[in-house]
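Structural overview
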Amino acid sequence: MKYSDFEKHIGTELGGAQEAVDVNQLLAGLNLGDLPRKRKLRPFLLWLLIPMILLGSYATFVAMDGDQSFSFAQNENNNQLKNDLKNNQSVPGNDNSKENNNSSESKQNTSNIIAAEESKDLLNTIVTSAVSNQSEDNSTISANELRDKDIADLQINQETKIHSVQSEKNTTLKTSIKKEENLSKTSTVTQPSYTDKSQSELIAGSNKQKLSYFKSTIDNESISKTRPNVMLPNILSRSINIQGLDAKSDDLFSRMKINCPSFNQAFWRLALIPEVGVFSPYKTIVNKRQEDVQAFEERQTYEETLEGINLGLYTMLVRDKLPIYLKAGISYSRISERTDLEYNYTLPDTTIGIISQTVSANGDSITTITGPIISEKTFTGKNRQHNYIHLFDLPVSVGYNSYIGGFDVGIEAGVKINLMTRATGNLLTSKSDYTNLSLNEYFKKRIGLSYFGGIMIGRNFGRLGDFYIAPRFTYYPTDFSNEINQISQKYVTMGLNVGYVYKLK
Amino acid sequence: MDLERIIQGCKKGEKNCQERLVRNYAPGLLAICRRYSRDSESANDALQESFINIFKYINSYSGKGSFEGWMKRIAVNCTITFQKKNFKVHFEPDMLHDTSQHSEVPDVYSTLGKEDILSLLCELPKALYLVFNMHVVEGYSHKEISEVLSISEGTSRASLSRARARLIEIIEERQNKENQRVALLHKM
C-alpha cells in the first residue's frame, strides 16, 4: 500500500470519529437559553476603559494607602453610620424577642430570614457609605456594583474578623450574637450572623476595617478567577449562562480569544515593510542645444556615477487566498556623482611693460619703449567634487507571490510618484569650474513618474520573521535637468533591496 | 428538524434548536477535542468552550460552506487555544524534502482502526502530531495551520514533512519488531 493511501485511510478513519459524550450533563453545563445579539465593543468604549482603569487604580491606591485620606470621609459619614447602626441595632433585639417568645423552628427560620434581609439592608448601607467615601476620593467604583459583587464575599469574610471586636464592645450584643449563632445553626440560612458582626464593627467605628474588607474581597475575587483544578463532573456541571455570555466574553481579562473561522470570508491583512537597498545608476547625458556647451565633454569624460542608496517604508496589503499584494509607502533614494577633473589649460595674459630699451656705450639708458607684453600661463591639476540628487518618492506597486521550494517568490511592478527632488554638492558647469547646486538650481524640483519592477525572494526565519531580497529595476523617463541646465540627464537604475516584513494583522 | 432549521433557530436563540445541535454534533466534536487534548477532562472542557463559541459566533456563519466543518474548526481552534499553555512545542523552520509520498506501507495498515491509528500518531512529537492532525485529518491548509499555531507556512510544511518521515520510521520499526517476533516463533 502506498503511504499516500495510508494517509487517506487515517483521514477517513479519524475524520468521522465520534466519542461517547454525556449530552445531558453537557447541556446542563451549557445552560442554554436566549442568546443576545452580538454586541460589538465600540472603540470609544475601549478608550473609555483606560481612564476608568486609571481612576480605579488611583482609587484602590488611595484606599490601600489612605489612613489619612479615608479618615476625612470617615468623619463626615460617621453620623450617618451611627444612625444606621441605631436603626439596625433594634433588629437583633426584635429577633431575640421573637426567638424568646416563639420556640418553633419555622418561626425561627422566619425571624432568621428577616434578620438576614435586614442585615443585607445594613450591609447595603455600609457599602453605600463606604462607596460614597470612596467617591469623594475621586473613586469611580459604583455602589451598585460593589453591593452586588461583594455581598456574598462580605458575608463569608466577616465571620472570622469580627469575633474579637465583638467581645470587647457590647455585652448585650454578645448574648444576641450567641442567640443568632444558635439560630443559624438550627436554620439553613447562613446569613444572620452577619448582622451582629457588622453592628459590632460599626460600634467599633472602624471604617478602616471595612476598607480592608473590600480589599480582601477584591483579593479573594482575583484569586478565585484562576482556574480551579476541578474534576470532570465539576467541569461538566459547570453552569455557564449563555445569556450573559457577551458581556462576559467581551471582558478583555476574563476569557481567552478563540480564533473562530468564518467561511468564505477573506480578510485583508496588513504588513509593514522597512526596506534598505543599494543600486547602480546608469546615466545618460545629452547636449540639449546640439552646439558647443561648456563642460559637456568634460562631464562625459570625468563625471562618474557612483552607487546609490535607497531607504523605504512600505505598507503591504494582502487579501487572504489571493496571491496578489498591493504595496505602497515612501521611499528615499540618493544618486551620487563624482567628478575627477584633470585640467590642463593655458590662459593668455597681457600686461603693459618695457618691451624695448636702448642703452649707451657707458651703460646709460637712452630710450625705453613700453607696450603690451603677451604671456601664456598653463594650469594643470586635479579637482575632485561630488554632487548628489535626492529623490523622495511615493512608490505604489502590485505584486504576485508564490511559495516555491521553501521560498516566497514574487514579481512586482509599480510606479514611483516623485514628491520632491533636491540636488546638493558641486556640478561641473564649465571646463574647469564647479557650481554649488545648493545655491544654483540646475535640476527640476519634481521629476514626475518613474517606473520600477523586479522580483522578490523571501523566506521565513522562524521567530525572527520574514525577510526578503528584491533585485529591482527603475526607469526614470523624465529629464532631471531644468531649463537652465543645457545638459539633459536621465537615469536607469539596477539595485538590490533587503526588506523585513512585519505583519500587523 | 433539518440542519437549516436548527441553524436558524440557534441564531434566534431557540433553546430546542441549540439542544438539538448539541445532541447531534457533540460526539463528533468531542472526538476532535480528544485528539488535541492531553486528557479527557480538558477535552470535555474544550468541548463545552467550543459550543459556547459556536453559539456566540453562529450569526457570523454565512450559510455557505459546510456548517459541520465550521463547527469542527471552532472545536480545533478552541481546543488548541485552550491547550496552548500545555502545548509549548518547538517548531523547526528548516525544510525537508518530502519523499514520504513514494514510500510503501504494509497492507495491514489499511485495516487499522481508530484506536490503533491514534496510538501510532501518539508516538509523534507533539508539534509534528499537531500539524499532521490538522493537515491530514482536519484538512487545514498550511496557511490556516500557520495562523492557528502562530507559525509560518514554511514551518508548517516542514513539520508535516517531518511528521510523515517519522511516521514511516515508526511503521518500519514496528514492522521489524513484528518480523523478529515471527522469526522467533518459527525457530521455536
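Conventions adopted
- Residues numbered from 1 in each chain as written.
- Chains lettered and ligands numbered in written order.
- Predicted model: local features only at pLDDT ≥ 70, side-chain atom pairs only at ≥ 80, totals over all residues.
- Helix = DSSP H or I, 4+ residues; strand = E, 2+ residues; numbered from the N terminus.
- Buried ≥ 20, exposed ≤ 12 C-beta atoms within 10 Å, placed from the backbone.
- Contact = placed C-beta atoms within 7 Å.
- Pairing = 2+ DSSP bridges.
- Axes fitted to C-alpha atoms, helices over the stretch in contact; angles between N-to-C directions.
- Left-handed = near helix turned anticlockwise from the far one by under 90°.
- Nonpolar A, V, L, I, M, F, W, Y, C, P; charged D, E, K, R; others polar.
- Core = buried A, V, L, I, M, F, W, Y, C linked by C-beta atoms within 7 Å.
- Domains from an automatic or database assignment.
- Parallel < 35°, antiparallel > 145°, perpendicular 65-115°, else oblique.
- pLDDT = per-residue confidence, 0-100.

**Here we look at the overall build of chain B**
A count of helical and extended segments in chain B gives 8 helices and 0 strands. Listing every helix and strand of chain B by position from the N terminus yields α-α-α-α-α-α-α-α. A burial count over chain B gives 43% of its 188 residues as buried. Across chain B, every contact between residues at least 6 apart in sequence was considered, and the portion connecting residues at least 24 apart equals 69%.

**What about the overall build of chain A?**
On a plain count of helices and strands, chain A comes out with 13 helices and 10 strands. Within chain A, residue pairs in contact and separated by at least 24 positions form 72% of the contacts whose partners lie at least 6 positions apart.

**As for the pairing of strand β3 (residues 308-319) of chain A**
Residue and element names in this part refer to chain A. Bridge count between strand β1 (residues 268-287) and β3: 12 bridges; the pairing is antiparallel. From the neighbouring strand, A271 faces β3, where its bridge partner is M316. Where β3 lies against strand β4 (residues 324-359), 10 bridges are found, and the strand directions are antiparallel. Looking at the pairing, V318 lines up with Y325 of β4.

**Looking at the packing of helix α2 (residues 15-36) of chain B against helix α4 (residues 67-82) of chain B**
Residues and elements named next belong to chain B. Here α2 crosses α4 at 35°, and the two axes come no closer than 9 Å. For α2 against α4, the interelement crossing comes out right-handed. Of the residues in α4, those in contact with Y25, L29, I32, C33 and Y36 of α2 are E68, M71, K72, A75, V76, T79 and I80. Along the lines of polarity and charge, the residues of the contact of α2 with α4 split into 9 nonpolar, 1 polar and 2 charged.

**Quick word on the pairing of strand β5 (residues 365-404) of chain A**
Residues and elements named next belong to chain A. Two strands pair when backbone bridges link them, and β4 and β5 are joined in this way by 33 bridges, in the antiparallel orientation. Residue pairing across strands places N344 opposite T380, the latter belonging to β5. Between β4 and the antiparallel strand that follows it, β5, lie 5 residues; G363 among them carries a positive phi value of about 100°.

**Let's talk about the nonpolar core**
In terms of nonpolar packing, the biggest core is built from 53 residues, with L29, L30, C33, L47, A75, V131 and F132 of chain B touching the most fellow members. Listing elements by their share of this core, those giving two or more residues are α1 (3-15) of chain A together with α1 (3-12), α2, α3 (40-57), α4, α6 (126-137), α7 (142-149) and α8 (153-187) of chain B. Each of domain 1 (1-88) and domain 2 (89-188) of chain B accounts for three or more of the residues forming this core. In this structure, L30 of chain B is in contact with E19 and V21 of chain A together with A43 and L47 of chain B, ignoring residues within four places of it in sequence. Formed by 8 residues, the second largest nonpolar core is a distinct cluster that contains I389, L391, I447 and Y476 of chain A.

**Quick notes on the environment of I373 of chain A**
Residues and elements named next belong to chain A. Residue position: I373 is located in strand β5. With 12 C-beta atoms packed within 10 Å, I373 lands in the exposed category. Each C-alpha atom of the pair I373 and T350 lies 5.4 Å from the other, and the pair is 23 residues apart in sequence. The contact partners of I373, leaving out residues within four places of it in the chain, are T350, T351, G353 and I355.

**Some details on the packing of α2 of chain B against α3 of chain B**
Residue and element names in this part refer to chain B. Put simply, α2 and α3 touch, their axes get as near as 9 Å, and they point 135° apart. Considered as vectors, α2 and α3 are oriented oblique to each other. The hand of the α2/α3 crossing is right-handed. Judged by residue contacts, Q18, V22, A26, L29, L30, C33 and R34 of α2 engage S40, A43, A46, L47, S50, F51 and F55 from α3. In terms of residue class, the contact of α2 with α3 is made up of 10 nonpolar, 3 polar and 1 charged.

**Topic: the environment of Y500 of chain A**
Residues and elements named next belong to chain A. Positionally, Y500 belongs in strand β10 (residues 487-503). Residues Y500 and L464, spaced 36 residues apart in sequence, show a C-alpha to C-alpha distance of 9.5 Å. Excluding anything up to four places from it in sequence, Y500 contacts I273, P274, G465 and F467.

**Observations concerning the confidence of the model for chain A**
All names here are of chain A. Across chain A, the average pLDDT comes to 68, with 53% of residues at or above 70. Here residues 125-177 scores under 50 on pLDDT; set against residues more than four positions off or in separate chains, the count is 85 contacts. Throughout residues 183-256 the model reports pLDDT below 50, and contacts reaching past four residues in sequence, or to other chains, amount to 133 contacts.

**A closer look at the confidence of the model for chain B**
Of the residues in chain B, 89% have a pLDDT of 70 or more, and the chain-wide mean is 82. In the predicted complex, the global pTM is 0.38; the interface-specific ipTM is 0.80.

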